[in-house]
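# Per-entry structural report
Residue strings, one per chain:
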Amino acid sequence: MRRARVAVLVSGGGTNLQALIDAAARGEMPHAELALVVSNVKDAYALTRAEKAGLPTVTLSKRALGGQEAFEAALTEALEAAAIDLIVLAGFMTILSGAFTARYDHRILNIHPSLIPSFCGEGFYGLRVHEAALRKGVKVTGATVHFVNEIPDGGEIILQKAVNIRENDTPETLQKRVMRLAEWKLLPRAVEKISTELVMRNEE
Ligand code: GAR
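What comes next concerns the included structure. (Residues numbered from 1 in each chain as written. Predicted model: local features only at pLDDT ≥ 70, side-chain atom pairs only at ≥ 80, totals over all residues. Heavy atoms only, no water.)

As a further point, take helix H6 (residues 127–136). Those residues of H6 that fall on the buried side of the exposure criterion are Val 129, His 130, Ala 132 and Ala 133. Axial view of H6: buried residues confined to an arc of 160°, hence all on one face. Buried residues along H6 sit in contact with strand S5 (108–112) and helix H7 (171–203). Two residues or fewer after H6 comes Gly 137, characterised by a positive phi angle close to 85°. (Buried < 20%, exposed > 50% of the residue type's maximum accessible area, 1.4 Å probe, protein only. Helix = DSSP H or I, 4+ residues; strand = E, 2+ residues; numbered from the N terminus. Arc of directions from axis to C-beta. Contact = heavy atoms within 4.5 Å.)

With that out of the way, let us pick up the pairing of S5. Taken across its five residues, S5 has five buried, putting it largely inside the fold. By the bridge criterion, three bridges tie strand S4 (residues 86–89) to S5 in an arrangement that is parallel. Across the sheet, Ile 87 pairs through a bridge with Ile 108, a residue of S5. You can see the chain leave S4, run along helix H5 (residues 98–103) and come back into S5, and the turn it takes is right-handed. Pairing of S5 with strand S6 (residues 140–147), which is carried by four bridges, proceeds in the antiparallel orientation. Looking across to S6, one finds that Asn 110 is bridged to His 146. (Pairing = 2+ DSSP bridges. Right-handed = clockwise from strand over helix to strand, strands pointing away.)

Time to look at the nonpolar core. Counting residues in hydrophobic clusters, the biggest one holds 40 residues, and the most contacted among them are Val 8, Leu 109 and Val 191. Top element by residues in this core is H7. It accounts for nine residues. Leave out the neighbours within four places in its chain, and Leu 109 touches Leu 86, Ile 87, Val 88, Leu 89, Val 145, His 146, Phe 147, Val 148, Ile 158, Ala 190, Val 191 and Ile 194. Within the second largest apolar cluster, 20 residues are counted, among which are Val 38, Phe 71, Leu 79 and Ile 84. (Core = buried A, V, L, I, M, F, W, Y, C linked by side-chain atoms within 4.5 Å.)

What follows deals with the pattern of salt bridges. One pass over the structure, following the stated rule, counts five salt bridges. Measuring nitrogen to oxygen at the nearest pair gives 3.0 Å for the salt bridge that ties Arg 103 to Glu 80. Of this pair, Arg 103 sits in helix H5 while Glu 80 sits in helix H4 (residues 68–81), placing them 23 residues apart in sequence. Judged by its relative accessible area of 49%, Arg 103 is partly exposed. By relative accessible area, which is 48% here, Glu 80 ends up partly exposed. (Salt bridge = Lys/Arg side-chain N within 4 Å of Asp/Glu carboxyl O.)

Before going further, it helps to spend a moment on the sheet that holds S5. Taken together, the seven strands give an open sheet; going across it, the order is S3-S2-S1-S4-S5-S6-S7, and neighbouring strands pair in mixed fashion. The open sheet is flanked by strand S3 (57–59) and strand S7 (157–164), the only strands paired with a single partner. Averaged over all neighbouring strand pairs, the angle between strand axes comes to 20°, with direction disregarded. Along the sheet, helix H1 (residues 15–25) makes contact with strand S1 (4–10), strand S2 (32–39), S4 and S5, crossing S2 at roughly 155°. (Axes fitted to C-alpha atoms, helices over the stretch in contact; angles between N-to-C directions.)

Interpretation in functional terms is not warranted from these geometric data alone.
Structure representation (structure tokens):
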């Protein structure tokens, strides 16, 4: 393997997917190849971003497939068909089962918009994370990229970046700044780091 084949799993706007596409185009992820984008939401704007970048896409609806087990079976099939080495959850708003995460042990990354272990776990996603940080009155927040295991947001931390909170921040302004200053920088770096490790392990 010269480059790790990466699948990006999305549910929404896909700005983190865009950060990966742009980093790859700039040559900043030489050990990673974006090979597949999977969405669990059929009209997610992330799919448009993927199509514009010429990336293959798959949409899988948990409800249409009849539940978690069938969804994960279809997901596994799509990942295997594309010979995926590394899975990146980039705003993917579905919790994966322990059976699934064990199958891809240390081969699933997630980006979370806080400094884990603050404001994470079940119920903490998207804007809710920033609402909770502002409610608590913390002065510093940030983003974390971590491995995914059976505990929501509980896997080993790979990279973190802090972002200062401003007095007049709203959840929306804070979300935007955390994305711009932390998430969009961290995710490509983490993908390149883990892809390099996978490629080197494969060559041993
Ligand atoms: C990002 O802020 C990401 O960190 C967050 O959702 C947003 C998705 O935006 N993920 C979570 O909260 C996961 N628990 P995007 O679709 O524009 O990348």
